[in-house]
Amino acid sequence: MRYHSPFDRPEPRLVPAGEHPLWDEALAAVNRDLAVTLPEQRPLCLFAVPWEEGEPDQVYVALANGEWHGNPLWAGPDTSAHALEAVAEAAQDTVSERLWQAWPVCAVHDLGMHLREESGRPSWWCAGTTDPKDPPHIRAAVGELETLQRPHRPNRKRRKNSARG
Ligand SMILES: [Zn+2]
């Protein structure tokens, strides 16, 4: 079942690298976050659908299988930060709606995060819990979740307290 082509629209096409350099760059950052949070997912990509005559194609952030959810990216003069915010938002819509799960999730609180601007950079914000020791916090700038999750300790093999010690 196709959710995104209600009528006889032309088939979406995969947008080749280089057609929208700012979006490519933004998508690479978002895909880094996807790779550390949902490693089984293939990278997101951009799909374009022809719009009206004389108008630029509408571009969506889609799963590798070509499914997406939500609005197209706004094709206008843009900055890196704005492009990153727009792509992250579109990616979040697509991943959470198509895969039926909150994304990305704060690894500390197990809560879905939201986009917020922090020091001029789009970032992932977590609401924290009702416990005053767990206030709302910025987890990481978009594209930098890997810097938090990389130092995974290997499974501990030694136990300090051996049952028969
Ligand atoms: Zn959190």
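Cut-offs and rules
- Numbering of residues begins from 1 in every chain and follows the order in which that chain's sequence is written.
- Local features in this predicted model are restricted to residues whose pLDDT is 70 or higher, and side-chain atom pairs enter the listing and the counts only when it is 80 or higher, whereas totals over whole chains, interfaces and linings include all residues.
- Calculated side-chain values reflect all of the structure's heavy atoms, with hydrogen atoms and water omitted.
- By definition, a salt bridge exists where a carboxyl oxygen of Asp or Glu is found within 4 Å of a side-chain nitrogen of Lys or Arg.
- Numbering goes from the N terminus for both helices and strands, where a helix is a DSSP run of H or I of at least four residues and a strand is a run of E of at least two.
- Think of it in three bands: with a 1.4 Å probe and only protein chains considered, a residue is buried below 20% of the maximum accessible area for its type, exposed above 50%, and partly exposed in between.
- Each metal's donors comprise the N, O and S atoms found within 2.8 Å of it (within 3.2 Å for Na, K or Ca). Water is not part of the atom list, so some coordination spheres may appear incomplete.
- Irregular is the default label, applied whenever a site is not tetrahedral (four donors, all angles between 85 and 135 degrees) and neither square planar nor octahedral (four or six donors, opposite donors over 155 degrees apart, all other angles between 65 and 115).
- Centres within 6.5 Å are what make two rings of Phe, Tyr or Trp a pair, Trp counting through its six-membered ring; a difference in plane orientation under 30 degrees is then read as stacked, over 60 as edge-to-face, and the rest as tilted.
- Think of it as a cone above the ring: NZ of Lys or CZ of Arg counts as a charge over the ring if it is within 6 Å of the ring centre and within 35 degrees of the ring normal.
- One bridge is not enough; two strands pair if DSSP finds at least two bridges between them.

### Topic: the pattern of salt bridges
All told, the structure shown has 5 salt bridges when counted by the stated rule. Where R13 meets D57, a salt bridge forms, and the shortest distance between an N and an O atom there is 2.7 Å. Residue R13 is located in strand 1 (residues 13-14), and its partner D57 is located in the loop between strand 2 (45-49) and strand 3 (58-62); the two are separated by 44 residues in the primary sequence. With a relative accessible area of 32%, R13 lands in the partly exposed category. Across the pair R98 and E67 runs a salt bridge, and its minimum N-O distance is 3.8 Å. With a gap of 31 residues between them, R98 in helix 2 (residues 80-98) and E67 in the loop between strand 3 and helix 2 connect regions that are remote in the sequence. One salt-bridge network, held together by shared partners, links R13, E19 and D57.

### Re the coordination of the zinc ion
Donor atoms from the polypeptide that bind the zinc ion are C106 (SG), H109 (ND1), C126 (SG) and H137 (NE2), placed at 2.0 to 2.3 Å. Around the zinc ion sit 4 donor atoms; with metal-centred angles ranging over 101 to 115°, the donor geometry is tetrahedral. Along the chain, the residues donating to the zinc ion are arranged with the sequence spacing C-x2-H-x16-C-x10-H. Remark: H137 occurs in strand 8 (residues 137-141) and C106 occurs in strand 4 (residues 105-106); sequence separation between them is 31 residues.

### A short note on the packing of aromatic side chains
Following the criterion strictly, the structure yields 2 aromatic pairs and no others. Arranged with centres 4.3 Å apart and planes meeting at 10°, the rings of Y60 and W68 form a pair that is stacked. Y60 sits in the buried class, given a relative accessible area of 10%. Given the relative accessible area of 4%, W68 is considered buried. Seen from their ring centres, W103 and W124 are 5.8 Å apart, and the 70° between their planes marks the pair as edge-to-face. Of the two residues, W103 sits in the loop between helix 2 and strand 4 while W124 sits in strand 7 (residues 121-126), which places them 21 residues apart along the sequence. You'll find W103 and W124 in the same group, each marked buried. Taking the ring centre of W125 as reference, the NZ or CZ of R116 above it sits at 3.9 Å.

### Let's talk about the pairing of strand 2
Across the 5 residues that make up strand 2, a large majority, 5, are buried. Of the two faces of strand 2, the one carrying C45, F47 and V49 and the one carrying L46 and A48 are both buried. Pairing between strand 1 and strand 2: 2 bridges, direction antiparallel. Across the sheet, the residue bridging to R13 is A48, located in strand 2. Across 5 bridges, strand 2 lies against strand 3 in antiparallel orientation. Of the residues in strand 3, the one forming a bridge with L46 is V61.

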